[in-house]
Amino acid sequence: MRIVSRSGALLLAGCLGGFGALTVGDELAISNVPAQRYAVVAERERLYAELAEDVAELEQRGSIVKRVVKLSTPAVVHIEARRDIEGVRPARGDAEEAGSGVIIERNGRRFVLTNRHVIKYSTLNGINIKLSDGRIVHPKQIWSDPGTDVAIMSLVAEGIVPARIGDSTKLEIGDFVLAVGSPFGLSHSVTYGIISAKGRRDLRLGDDGVQYQDFLQTDAAINPGNSGGPLLNLRGEVIGLNTAIASATGANEGIGFAIPINMVMVIADQLIERGTVVRAFLGVRLDSSFGPAEAEQLGLARPEGARVTGITRNSPAEQARIQVGDVILEFDGNRIEDDMHLINLVSLTPVHKEVDVRLLREGRPVGLRVRVANKAQNPTE
């Protein structure tokens, strides 16, 4: 027996034996098979078309990342620093440190930003800076700041391209970022992620520690060798200096930290201009354990600000009549999150600048003006 569709196409040939005679319903069901198949094919074609549109949009976004990489990588360098300072023994048998850096321009001169821990055990001749075109040069001068783990090196070479500096204060959690550097010695590696958090200030970093912390947290992969390389926004601007990871294995586990570029540049400019960092001084001791219970007693909905537990004599705080028990809520227009936040803000304030301070005193808001002093002239703080 032969069964044909309405179009005459052959569907089935053979013996129907024990199935008996076909009913009208059976014939209609069989006749609809090509139409059903056509509908499936049409639906798949529609889905393919939708997918192509989505991929085209994704590829357009991907082209942004490609342009960022093309613009930024010429300014990224690989650093190898031989441990050649007398009396310093290489850790775990390693003879040199490896890291990354980014070229910047200040007043017509070229410099390389990196982390202090990458080059701190080396000298000028022991530091090899590998440029994007393969040339290897030595720095002409080195400055560094243990308090922030920032280092900067002057560079003299033809045809080097500086990076564009961004504004890290404009970053928000969820912003897309790229990390560029030399993880495990693989120079100019690029990873992609987001800003996971801001204001990380309680990290334990290295043997020296880092006193002034205000890290950006990112899930863009950062591994050993990325230290000192740039964290970039999608405008191709440097918005951070990759510094550390939180890891049980020593490799990336999705939690990396970068110093905000605004903080880096305050330090870098002082190092270039003065050769050292001059930090401002307020003259208060703060309650590091200020928590929800204490905040509620003071009439605050949540722990915020920095609670004063002591005042240094003849300090700017004393002169401005800040008192023990005051909670400093705002400093120079910045709302204070906790005690370390205030310490960072004060340390980055230009010496002798007069700033507005808003605080809570016995449940009442109080506004004051404070002229910060030079911390170096107040060694007790």
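This one's a predicted model, so the numbers in the text were calculated from it and none came from an experiment.

Undergrad: Residue-level account of the pattern of salt bridges, with values.
TA: With the rule as written, the count across this model stands at 19 salt bridges. A salt bridge links D338 to R201; its shortest N-O distance comes to 3.5 Å. Of this pair, D338 sits in the loop between β21 (334-335) and α7 (339-347) while R201 sits in the loop between β12 (189-200) and β13 (215-218), placing them 137 residues apart in sequence. Given the relative accessible area of 27%, D338 is considered partly exposed. Among the ionic pairs, K353 bridges to D332, the shortest N-O distance being 3.0 Å. Linking K353 in the loop between α7 and β22 (354-361) with D332 in the loop between β20 (327-331) and β21, this pair joins segments that are 21 residues apart in sequence. Through salt bridges with shared partners, a single ionic network connects R201, D214, E337 and D338.

Undergrad: Before we move on, can you summarise the environment of E304 with the specific residues and values?
TA: Tracing the chain through its elements places E304 in the loop between α5 (292-297) and β19 (306-311). Given the relative accessible area of 9%, E304 is considered buried. Separated by 14 residues in sequence, E304 and F290 have C-alpha atoms that sit 8.5 Å apart. Excluding anything up to four places from it in sequence, E304 contacts F290, V327, L329, R335, I336 and E337. Among the polar contacts listed, one links the side chain of E304 to the side chain of R335, at a separation of 2.8 Å.

Undergrad: Got a sec to walk through the pairing of strand β15 (residues 237-245)? Specific residues and values, please.
TA: Most of β15 is tucked away: 8 of the 9 residues are buried. Relative to β15, strand β14 (residues 230-232) runs antiparallel, the two sharing 3 bridges. By the bridge assignment, L232 is partnered in β15 with V238. For β15 and strand β16 (residues 256-260), the ladder comprises 5 bridges, and the chain directions are antiparallel. Within the sheet, the bridge partner assigned to I245 lies in β16 and is G256.

Undergrad: I'd like to hear about the packing of aromatic side chains, residue by residue, with values.
TA: Evaluation of the coordinates by the stated rule reveals 3 aromatic pairs. Ring geometry for F111 versus W143: centroids 6.2 Å apart, planes at 55°, classification tilted. Of this pair, F111 sits in strand β5 (residues 109-115) while W143 sits in strand β8 (residues 141-145); the two residues are 32 residues apart in sequence, bridging distant segments of the chain. Among the residues examined, W143 registers a relative accessible area of 10% and is labelled buried. An angle of 5° between the planes, with centres 5.5 Å apart, marks the rings of F176 and Y192 as stacked. One end of the pair, F176, is in strand β11 (residues 176-181); the other, Y192, is in strand β12, and 16 residues separate them in sequence.

Undergrad: Explain the environment of T218 to me, and be specific about the residues and the numbers.
TA: Its location among the elements puts T218 in strand β13. In this structure T218 comes out as buried when scored by relative accessible area, which is 0%. Residues T218 and I195 lie 23 residues apart in sequence; the distance between their C-alpha atoms is 4.6 Å. Not counting chain neighbours up to four residues away, the residues in contact with T218 comprise V177, I194, S196, L231, G254, I255 and G256. Polar side-chain contacts of T218 include one of 2.8 Å to the backbone oxygen of I194. A polar atom in the side chain of T218 sits 3.0 Å from the backbone nitrogen of A220.

Undergrad: Got a sec to walk through α7? Specific residues and values, please.
TA: Quick reminder: α-helices carry 3.6 residues per turn. Residues three or four places apart thus point the same way. Taking burial as the measure, the 9 residues of α7 include 7 buried ones, the bulk of the element. Turning to α7, its buried residues number three or more, namely D339, H341, L342, N344, L345, V346 and S347. The elements touched by buried residues of α7 are α4 (261-274), β17 (280-281), β18 (284-286), β19, β20 and β21. Two to three positions downstream of the cap, the backbone nitrogen of M340 sits 3.3 Å from a side-chain oxygen, assigning the N-cap of α7 to D338.

Undergrad: Tell me about the nonpolar core, residues and numbers included.
TA: The biggest cluster of nonpolar side chains holds 49 residues, and the ones touching the most others in it are L113, I129 and I152. Take this core: its biggest share by element is 8 residues, from α4. Counting 23 residues, the second largest nonpolar core, distinct from the first, contains A306, I328, V366 and L368.

Undergrad: Give me the lowdown on the side chain of R361, citing residues and values where you can.
TA: Secondary-structure assignment places R361 in strand β22. By relative accessible area, which is 13% here, R361 ends up buried. Sequence-distant contacts of R361, defined by excluding residues within four places in its chain, comprise R321, I322, Q323, D326, V366 and L368.

Undergrad: Describe in detail the pairing of β5, supporting the description with residues and values.
TA: For a regular strand, side chains alternate in direction, first toward one face of the sheet and then toward the other. Burial within β5 is extensive, with 5 of its 7 residues counted as buried. Relative to β5, strand β4 (residues 96-106) is paired through 5 bridges, and the arrangement is antiparallel. By the bridge assignment, I104 is partnered in β5 with F111. In this structure, the hairpin formed by β4 and β5 is closed by a connection of 2 residues, where N107 is found at a positive phi of approximately 55°. When β5 meets strand β9 (residues 150-155), the two strands line up antiparallel, connected through 6 bridges. Its bridge partner being in β9, F111 is matched across the sheet by S154.

Quick notes on the rules
Residues numbered from 1 in each chain as written. Predicted model: local features only at pLDDT ≥ 70, side-chain atom pairs only at ≥ 80, totals over all residues. Heavy atoms only, no water. Salt bridge = Lys/Arg side-chain N within 4 Å of Asp/Glu carboxyl O. Helix = DSSP H or I, 4+ residues; strand = E, 2+ residues; numbered from the N terminus. Buried < 20%, exposed > 50% of the residue type's maximum accessible area, 1.4 Å probe, protein only. Contact = heavy atoms within 4.5 Å. Polar contact = N/O pair within 3.5 Å; in protein donor to acceptor, adjacent residues only side chain to side chain. Pairing = 2+ DSSP bridges. Phe/Tyr/Trp six-rings, centres within 6.5 Å; stacked < 30°, edge-to-face > 60°. Core = buried A, V, L, I, M, F, W, Y, C linked by side-chain atoms within 4.5 Å.

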